[in-house]
Amino acid sequence: MHCVQPVAPQIFWVGGNDRRLERFENMFPLPNGVAYNSYLIVDEKTALVDTVDAAISALFLENVVHVLQGRSLDYLVINHMEPDHCANIEELVRRYPDVKIVGNKKTFQFIEQFYTLDKRENYLEVSERDEISLGRHVLKFFFAPMVHWPEVMFTYEQQEKILFSADAFGSFGALSGNLFSDQTDFESAYLEEFRRYYANIVGKYGIQVQAVLKKVAGLEIRMICPLHGPVWRRDLPYVLDKYDRWSKYEPEKKGVVLLYASMYGNTENVMNIIANKLAIKGISDMRMYDVSKTHPSYIIADVWKYSHLVIGSPTYNMGLYYVMEALLREMAGLKLQNRKVALIGNYTWSSMAVRVMRNLIEEMENMEIIGMPFTIKSSMKVEQEAELDKLVDDIYVSVTV
Ligand SMILES: Cc1cc2nc3c(=O)[nH]c(=O)nc-3n(C[C@H](O)[C@H](O)[C@H](O)COP(=O)(O)O)c2cc1C
Ligand SMILES: [Fe+2]
Ligand SMILES: [Fe+2]
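Source: prediction; values computed, not measured.

> How do you make sense of the overall build of the chain when you look at a structure like this?
Regarding its fold elements, the chain presents 13 helices and 23 strands. The principal-axis extents of the C-alpha atoms in the chain amount to approximately 80 × 40 × 35 Å. Counting across all 401 residues of the chain, residues that qualify as buried make up 57%. Pairs at least 24 residues apart make up 72% of the contacts formed inside the chain by residues separated by at least 6 positions. As displayed, the chain offers around 16,800 Å² of accessible surface, 50% of which is attributable to carbon and sulfur atoms. Mean positive and mean negative side-chain charge positions of the chain (43 and 52 charges, respectively) differ by 3 Å.

What follows is the structure, given as C-alpha cells:
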C-alpha cells in the first residue's frame, strides 16, 4: 500500500522512512531513524526528483506507480548520486525504458561506476542553469559541486518556487507523518539531528556551501525540499541563517563544550572541577562528553554549535589517548575553525598529551589556545588549585567578553 503526500499542486512526496537502520553510512548512529525523500511532479510531462535507499525500494516504487496513475515517467532528475538516493535508478529504467535521466557529466560517470546501466541513449546531460519545461512547471539546474559530492545539483522549480536541494538542508531523523518542519516542534524534534547531519556530513565543505548559497540568493524560494528530514515552507530565513553560520564556521552560541578521555578518572575529575568552577562563576548550558562513551558525531555537532572547548586527555603510549586523537583529527578533517580551546593534560611518566593536542588544534584555522594548558601528574593535587583557577578565569573571561 502506497504512502504519499502532496507537497504543492501536482507535486508529491513519494519517499519513506527507515527506523531500523543502526548507522547512516555505517558510521553515524540513527536513534530516530532517517527519511529518504523523493519528489514526483505530475504535469504534461512527469518528473521524479531523486530516488531512495534500497531499504525502502518496495514502498517507493508503489508510491511512484500510485502517483503516476498509469502514466509513464518522462524524466528522472538525479541531483545526487550517493547510493542512499540512487538504489532505484536501474529498476525505474527497466519499468520506464524511455525515461530521460537528467544529470551532469559527473552524474553519468558515477552511474556507470556504481551500476551496470547500459542506457546511454536515455541520458540527458544538463549544464548550469539549463531548463526543462514539464508544462506549467519548469525545472532549472544549479550545480552545487562538493556539497558534499562533486556531481551534486540543486533543481529549482520555477512555478512553485521550490528548491530541491539534494542533501543540503537535510536532517537525520525519520518523519512522523508530518512532512513540513512547521508541522513539527522542530527545535525539540529535529534541530540537534539537523546540526549533527550538517556538521558531520557537510561540515568540511563550508566554502562550497557558501558558494551555492550565493548562487541561489537571487531566487525567490518558497520551499526547500531536501533528501532527508523535514521540508521547509516557513521560516526559510531561520534555516538559511543556520546554513550560513555553520558554513562560515561561526558558532551559534557562546558557550563551553568540555570533552575528555580518562581511564582511571583523574582527567575526568579535573574536567568536573573546571565545569563546577565555571558554573559557580555563572556560565550556563555547558556540555560535557567522555569521548570513549559518546559517538564522535554528537560531540562534533556540539563543537559546531558552541564557541569554546575544554579538551582533556591522558598520555597514552608516548602519544595521545587514541579515541581523543581520532576525534581531534576528525574535527581537523571537517575543517573546524574559529574556536577557543583550553587544554588539560595528564601523565604518569612522560608528558605527551598536551603537545599532541596542541599540534592537532593548531592544524585547524583560526583556533585560539586559552591561557596556559593545565597538566596533572596522575592526579590533581590541592596545591595546583591556584593554577587551575587562573585557567578557569581565562576561560570565563574569554566566554563573557
Ligand atoms: C596503555 C597505557 C599507556 C600509557 N602510556 C603512557 C605514556 O606513554 N606516558 C605516560 O606518562 N603515561 C602513560 N599512561 C598512564 C596514563 O596516562 C596516566 O596514568 C594518567 O594519569 C591516566 O589518567 P586518567 O586517570 O584520567 O585515566 C598509559 C596508560 C595506559 C593504560
Ligand atoms: Fe549524500
Ligand atoms: Fe543523502
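> Please clarify how the pairing of strand 17 (residues 253–260) should be interpreted in this entry.
Regular strands place side chains that alternate from one sheet face to the opposite one. Most of strand 17 sits inside the fold, with six of its eight residues counted as buried. As paired elements, strand 17 and strand 18 (residues 287–290) share four bridges and run parallel to each other. Paired with Tyr260 across the strands is Asp290, a residue of strand 18. Note on the crossover from strand 17 through helix 9 (residues 266–281) to strand 18: the handedness is right-handed.

> Help me out: how do you make sense of the domain arrangement of the chain in this one?
One frequent convention defines the size of an interface as the accessible area lost when the parts assemble. Domain boundaries in the chain define domain 1 (5–247) and domain 2 (253–396). If you average the C-alpha positions of domain 1 and of domain 2, the two centres end up 38 Å apart. Contacts between domain 1 and domain 2 engage 15 residues on the former and eleven residues on the latter. Of the roughly 1,200 Å² buried at the junction of domain 1 and domain 2 (both faces included), carbon and sulfur atoms supply 56%.

> Can you help me understand the site of ligand 1 in this one?
In the vicinity of ligand 1 lie 17 residues, with Ser262, Met263, Thr267, Thr315 and Met318 positioned nearest. Between ligand 1 and Ser262 there is a distance of 2.5 Å, counted from an oxygen atom to a side-chain nitrogen or oxygen. Burial of ligand 1 by the protein amounts to 88% of the accessible area it has alone, namely 650 Å². Residue assignment for the shell around ligand 1 shows that the elements contributing at least two residues are helix 9, strand 19 (306–316) and strand 21 (340–347). Of all the elements, strand 19 adds the most residues to the shell around ligand 1, at three residues. Partitioned by chemical class, the residues of the shell around ligand 1 number seven nonpolar, ten polar and no charged.

> I would appreciate a short explanation of the sheet that holds strand 13 (residues 138–143) in the present structure.
Strand-to-strand pairing in sheets goes through backbone hydrogen bonds, with the strands running parallel or antiparallel. Within the open sheet, the five strands sit side by side as 12-13-14-15-16. Their pairing is mixed. The open sheet is flanked by strand 12 (131–133) and strand 16 (223–225), the only strands paired with a single partner. Neighbour-to-neighbour, the strand axes of the sheet open up by a mean angle of 20 degrees, direction not taken into account. Both strand 12 and strand 13 contribute to a ladder of three bridges, which runs antiparallel. Counterpart to Ile132 in the pairing with strand 13 is Leu139.

> Looking at this structure, I do not really get the packing of aromatic side chains. What am I missing?
For any two aromatic rings, the description comes down to two numbers: the centre-to-centre distance and the angle of the planes. A complete count under the given rule lists 24 aromatic pairs for this structure. Relative to Phe172, the ring of Phe24 has its centre 5.3 Å away and its plane inclined at 70 degrees; by these criteria the two rings are edge-to-face. On the criterion of sequence distance, the pair formed by Phe24 in strand 4 (residues 23–24) and Phe172 in the loop between strand 15 (162–164) and helix 5 (186–189) is long-range, its members being 148 residues apart. The same class applies to Phe24 as to Phe172, namely buried. Measuring from ring centre to ring centre gives 5.5 Å for Phe186 and Phe194, while their planes differ by 80 degrees; the resulting arrangement is edge-to-face. For Phe186, a relative accessible area of 8% translates into the label buried. Residue class for Phe194 comes out buried when judged on its relative accessible area of 1%. Among the aromatic residues, those joined into a ring-pair cluster are Phe169, Phe186, Tyr190, Phe194, Tyr198, Trp232, Tyr238, Tyr243 and Trp246. The ring of Phe180 has Arg233 lying over it, and the distance from NZ or CZ to the ring centre is 3.8 Å. Note that Lys281 overlies the ring of Tyr396, its terminal NZ or CZ placed 5.3 Å from the centroid.

> Please explain the coordination of the iron ion (ligand 2) as it appears in this structure.
Ligation of the iron ion (ligand 2) by protein atoms is provided by His80 (NE2), Glu82 (OE), His148 (NE2) and Asp167 (OD), these donors lying 1.8 to 2.2 Å from the ion. Around the iron ion (ligand 2) sit four donor atoms, and with donor-metal-donor angles ranging over 91 to 165 degrees the site reads as irregular. Each donor residue of the iron ion (ligand 2) belongs to the same chain, with the gaps between them written as H-x1-E-x65-H-x18-D. A separation of 3.4 Å is found between the iron ion (ligand 2) and the iron ion (ligand 3), which are bridged by Asp167.

Parameters at a glance
- Residues numbered from 1 in each chain as written.
- Chains lettered and ligands numbered in written order.
- Predicted model: local features only at pLDDT ≥ 70, side-chain atom pairs only at ≥ 80, totals over all residues.
- Heavy atoms only, no water.
- Helix = DSSP H or I, 4+ residues; strand = E, 2+ residues; numbered from the N terminus.
- Buried < 20%, exposed > 50% of the residue type's maximum accessible area, 1.4 Å probe, protein only.
- Contact = heavy atoms within 4.5 Å.
- Areas by Shrake-Rupley, 256 points an atom, 1.4 Å probe, with all protein chains shown as cover.
- Lys, Arg positive; Asp, Glu negative; His and termini not counted.
- Charge placed at Lys NZ, Arg CZ, Asp CG, Glu CD.
- Pairing = 2+ DSSP bridges.
- Right-handed = clockwise from strand over helix to strand, strands pointing away.
- Domains from an automatic or database assignment.
- Buried area = accessible area lost by both parts, 1.4 Å probe.
- Near = heavy atom within 4 Å.
- Polar contact = N/O pair within 3.5 Å; in protein donor to acceptor, adjacent residues only side chain to side chain.
- Nonpolar A, V, L, I, M, F, W, Y, C, P; charged D, E, K, R; others polar.
- Axes fitted to C-alpha atoms, helices over the stretch in contact; angles between N-to-C directions.
- Phe/Tyr/Trp six-rings, centres within 6.5 Å; stacked < 30°, edge-to-face > 60°.
- Lys NZ or Arg CZ within 6 Å of the ring centre and 35° of its normal.
- Donors = N, O, S within 2.8 Å, 3.2 Å for Na, K, Ca; no water.
- Tetrahedral: all angles 85-135°; square planar, octahedral: opposite > 155°, others 65-115°.

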